[in-house]
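# A structural walkthrough
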Amino acid sequence: MSELVLQMGASAFGETLLTRLNHLLPAGSFSLYRVWRDQSPVLLMSHSLQPLDVTRRCFAAYRNKLYLEDRSFDEVRARHEDASCLLMHIRADEFKNPEHREQIYVRNHVRERLSVAQSTGDGSVLSLNIYAHDGHSSYTDRHLGRFESVAHVLFAGAQRHLALIGAPVQSRQLCAADADLDRLFLSGLDKGLTTREIDVCACLLQGMTYDGIARQLDLSRATVITYRNRAFARLGINFKNQLFAQRARYQGSQP
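Overview of the structure.

Note: strands within a sheet are paired through backbone hydrogen bonds, in either parallel or antiparallel orientation. The five strands lie next to each other as S2-S1-S5-S4-S3, forming an open sheet whose pairing is antiparallel. Looking at strand neighbours, the two that pair on one side only are strand S2 (42-48) and strand S3 (85-91), the edges of this open sheet. Across the sheet, the axes of successive neighbouring strands diverge by a mean angle of 15°, strand direction being ignored. Here helix H3 (residues 54-64) sits on the sheet in contact with strand S1 (29-35), S2 and strand S5 (125-133), set at roughly 150° to S2.

The following block contains the structure:
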């Protein structure tokens, strides 16, 4: 852990974390992200020992819509009053949503996840996740004990690293950049969408409810639905999942 501390704020932090962690347990990649119930999650940091950082591809699928049905953080949210950290061990076959298993675990050859997560004051959960990939041995009780012994240090170290490089970790403003990208995507559809229609669709892509959008944009719920219906008519779609699918195809076409 002393070597990890020395790398805080440096570009080698992610590689050092995984390299040193592999002395204790199998770790092919890791991610640190923040997730809300009603808003798209934000990836704060990731690294992989593989040539391709599959964590970003996994997170793109998770952010698209899978987070909406992810119940793995319910126990963490239940501890929001004492803000204690919770350690979790989840195997791919334990996810009840088959789409979650396929798009994140099976497709990317990920088999297990170890997490240390904490509920925060803004209603989100901050989670540091370690992933074992195909080819790694399954996590044993010894591995879990070793993870328990270092999890809180890793969690605090990752947050400190972000602070040193100037990346905020405590605000919903982290989602602003994602919302701007969604507006850019919607504008690029060139379907004559108005500014308000783009605003409403961007909020939908952020996972917000109609009531939440109404509060955000200072509109009535009925007006939000009207803008939504007009936008969907211009786009030739009927359901929200079709909008998510269009964004997924757009993201997949980007370099």
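Still to come is the rest of the account.
The next subject is the packing of H3 against helix H5 (residues 98-106). At a minimum axis separation of 9 Å, H3 and H5 run at an interaxial angle of 160°. With respect to their mutual orientation, H3 and H5 come out roughly antiparallel. On H5, the residues touching Cys58, Ala61 and Tyr62 of H3 are His100, Gln103 and Ile104. Tallied by class, the residues present in the contact of H3 with H5 amount to four nonpolar, two polar and no charged.

On inspection of all chains with the given rule, the structure shows ten salt bridges. In this structure, Glu99 and Lys65 form a salt bridge, with 3.6 Å as the shortest nitrogen-oxygen distance. One end of the pair, Glu99, is in helix H5; the other, Lys65, is in the loop between H3 and helix H4 (74-77), with 34 residues separating them in the sequence. A residue is classified by how much of its surface remains accessible, and Lys65, at 29% relative accessible area, is partly exposed. Across the pair Arg71 and Asp74 runs a salt bridge, and its minimum N-O distance is 3.0 Å. Judged by its relative accessible area of 25%, Asp74 is partly exposed. In the salt-bridge network here, residues are joined through shared partners; they are Arg71, Asp74 and Arg77.

Taking 1.5 Å per residue as the helical rise, helix H10 (residues 221-235) with its 15 residues ought to reach 21 Å, and the 21 Å between its terminal C-alpha atoms agrees with that figure. Among the residues making up H10, those that are buried are Val224, Tyr227, Arg228, Ala231, Phe232 and Leu235. In a view along the axis of H10, the buried residues occupy a sector of 130°, so they form one face of it. Residues of H10 that are exposed and point over 90 degrees away from its buried face: Ala222 and Ala233. Just beyond H10, the residue with positive phi is Gly236, at close to 75°.

Once that is clear, we can look at unusual backbone geometry. Glycine aside, a negative phi is what most residues show, and trans is what most peptide bonds show. Look at His109: it is not a glycine, yet its phi comes out positive at around 60°. Inspection of the secondary structure puts His109 in the loop between H5 and strand S4 (110-119). Given the relative accessible area of 49%, His109 is considered partly exposed. Not every positive phi belongs to a glycine, and Asp218 is a case in point at roughly 55°.

Cut-offs used in this document
- Residues numbered from 1 in each chain as written.
- Predicted model: local features only at pLDDT ≥ 70, side-chain atom pairs only at ≥ 80, totals over all residues.
- Heavy atoms only, no water.
- Pairing = 2+ DSSP bridges.
- Helix = DSSP H or I, 4+ residues; strand = E, 2+ residues; numbered from the N terminus.
- Axes fitted to C-alpha atoms, helices over the stretch in contact; angles between N-to-C directions.
- Contact = heavy atoms within 4.5 Å.
- Parallel < 35°, antiparallel > 145°, perpendicular 65-115°, else oblique.
- Nonpolar A, V, L, I, M, F, W, Y, C, P; charged D, E, K, R; others polar.
- Salt bridge = Lys/Arg side-chain N within 4 Å of Asp/Glu carboxyl O.
- Buried < 20%, exposed > 50% of the residue type's maximum accessible area, 1.4 Å probe, protein only.
- Expected span 1.5 Å × (residues − 1).
- Arc of directions from axis to C-beta.

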